[in-house]
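The primary structure of each chain is shown beneath.
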Amino acid sequence: MAGVCCKSTASFVFKRTLSVRSSASAHRPPALSTGRRGVHESCLAARPQHVKPTSPHRHTACLFFSCQESMSDTLRTCYVYLNQTSRSFAAVIQALDGELRHAVCIFYLVLRALDTIEDDMTIPLEKKVPLLHDFHTFLYQTDWCFTESKEKDRQVLEDFPSISVEFRNLGQEYRDVISDICHRMGVGMAEFLEKKVGSMQEWDKYCHYVAGLVGVGLSRLFSASQLEDPEVGCDTELANSMGLFLQKTNIIRDYLEDQQEGRSFWPQEAWSQFASRLEDLAQPQNLSSALACLNLLVTDALRHVPDVIAYLSRLRNQSVFNFCAIPQVMAIATLSACYNNPQVFQGVVKIRKGQAVTLMMEATNMQAVQSIIAQYTQEILQKVSLSDPSRDKTLSILGVIREKTISMTALPSRAHHLSPFYLSAAMLLAALSWQYLNATQSTGSTDMQGS
């Protein structure tokens, strides 16, 4: 892509979201640690004591494949593409309840196709901009497809008719949401094709286009399904914050990878305070300035956490809660790993595979999520340096988060307690994730498309 290549996390969904990086030797303190991360028995105490373990295989067929026989051929194809392009997060989508599962699957694939157009640097701008602007209209064109992409996920464009026909099979309430978000995101992506992120305000705007809008769209789908109250879909500010928190975490963590691939997402207003060029932050002699810039951006991302807590506290459907909470706890863990960490400028921030599985299994109720957030908030607090330029702002937002986690514990969670059915689901997701992480260990970093 020309200019600034859009880094589309799409909130809970997209390909450059929180990647789970394998590291057998990664050094981490005990308990849950750094974003996308690991497993610790100490977290088991957060589970409701009345829940009795059940067989992890008892409900798996029902959970993921009960409607396979009744699916159309094109819908089965859509789930094949979902698993090919989203792998780890596909399991969480397929754990959603009822018709919401299909709606989110199609929403994901539509935005994946849009993102593939945006990411393809072989498409000239004079062709790409109209494609992005008009993409939402292709949902209603029976035979539209695009066969010129060189991206690895081009099958969602080449066989777009299989996706668009299932889009048209969705209820009107779902089609309206998906089409609207697709349109707004396409326009936003086109805006940033040749423009770098300058001010912090533009950073928020960019992240809104590529991630916040997905949070808004998903929230509207949750409410349209009637699994969640209307207020979940109406409160666009909280939904936007859910997406911005994930996207900013992703951008912060991927500094070096993006630099090596010629992409630039850190806002100039931030890095220009510490360096003449963004790439200079990777120079060893500039480490002090680099860490100061890193900590400034982590602090900015943390300001979305109170909204994340408020959003999650409203959810009442267990499958929706799991879907939303897992990426958020991985994000706060990731920020803890990145904060004041020179490794961000020297390589990748590696997280043990086991920790990711624990976060997936533990983020099933509000009390556990608050505990996880509080833990990583404390981790960051312990790393704050007396000489850090952002120290006061960092301490302030950490204090706000701490107050939110404490105050929320006194309130009853609207999310359902973990039932045996969802315990089985969580165990299955953990097993699938462990298998996925092991399978990708030899190929380097991978996606936690998610959420």
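Everything here concerns the structure above.
About the thresholds
Residues numbered from 1 in each chain as written. Predicted model: local features only at pLDDT ≥ 70, side-chain atom pairs only at ≥ 80, totals over all residues. Heavy atoms only, no water. Helix = DSSP H or I, 4+ residues; strand = E, 2+ residues; numbered from the N terminus. Buried < 20%, exposed > 50% of the residue type's maximum accessible area, 1.4 Å probe, protein only. Contact = heavy atoms within 4.5 Å. Areas by Shrake-Rupley, 256 points an atom, 1.4 Å probe, with all protein chains shown as cover. Phe/Tyr/Trp six-rings, centres within 6.5 Å; stacked < 30°, edge-to-face > 60°. Core = buried A, V, L, I, M, F, W, Y, C linked by side-chain atoms within 4.5 Å. Axes fitted to C-alpha atoms, helices over the stretch in contact; angles between N-to-C directions. Parallel < 35°, antiparallel > 145°, perpendicular 65-115°, else oblique.

Draft legend 1. View of the overall build of the chain. Helix and strand counts for the chain come out as 20 helices and 0 strands. Classification of the 451 residues of the chain by burial places 60% in the buried group. Relative to all contacts within the chain whose residues are 6 or more apart in sequence, the contacts with residues 24 or more apart total 80%. On the chain, roughly 17,100 Å² of surface is accessible, and the fraction owed to carbon and sulfur atoms is 52%.

Draft legend 2. Inspection of the packing of aromatic side chains at higher detail. Evaluation of the coordinates by the stated rule reveals 13 aromatic pairs. With a centroid separation of 5.3 Å and an interplanar angle of 65 degrees, the aromatic rings of F192 and Y206 are classed as edge-to-face. Of this pair, F192 sits in the loop between α8 (172–191) and α9 (200–224) while Y206 sits in helix α9, and the two are 14 residues apart along the sequence. Here F192 matches Y206 in class, with each residue buried. Geometrically, the ring pair formed by F222 and F323 is edge-to-face, given 6.0 Å between the ring centres and 90 degrees between the ring planes. Here the residue F222 occupies a position in helix α9, and F323 occupies one in helix α16 (residues 318–338), the gap between them amounting to 101 residues. Owing to a relative accessible area of 0%, F222 belongs among the buried residues under this scheme. With a relative accessible area of 0%, F323 lands in the buried category. A connected cluster of aromatic rings, assembled from ring pairs, spans F135, F138, W144 and F160.

Draft legend 3. The environment of L246, seen in detail. Relative to the helices and strands, L246 is located in helix α11 (residues 236–253). Put simply, L246 and L335 are 89 residues apart on the chain and 10.0 Å apart in space, counted from C-alpha to C-alpha.

Draft legend 4. Main features of the nonpolar core. F135, W266, L281, L302, Y311, L312 and F323 are the most contacted members of the largest nonpolar core, which has 131 residues in total. Among the elements that line this core, the one with the most residues is α16, at 14 residues. If sequence neighbours within four positions are ignored, L312 has contacts with M242, F321, C324, A325, M366 and V369.

Draft legend 5. How the structure looks around the environment of G262. As for its placement among the helices and strands, G262 is situated in the loop between α12 (255–260) and α13 (268–271). Distance from G262 to E279, taken between C-alpha atoms, is 9.9 Å for residues 17 residues apart in sequence.

Draft legend 6. Inspection of helix α15 (residues 305–314) at higher detail. The buried fraction of α15 amounts to 7 of the 10 residues, a majority that puts the element mostly inside the structure. The set of residues buried in α15 consists of V305, P306, V308, I309, Y311, L312 and S313.

Draft legend 7. Region of interest: the packing of α8 against α9. Orientation of α8 relative to α9, taken along the N-to-C sense of each, is 180 degrees, at an axis distance of 9 Å. Viewed along their axes, α8 and α9 adopt a mutual orientation that is roughly antiparallel. Taking contact as the criterion, the partners of E173, Y174, D176, V177, I178, D180, I181, R184, M185, G188, M189 and E191 in α8 are, on α9, K205, H208, Y209, V210, L213, V214, V216, G217, R220, L221 and A224.

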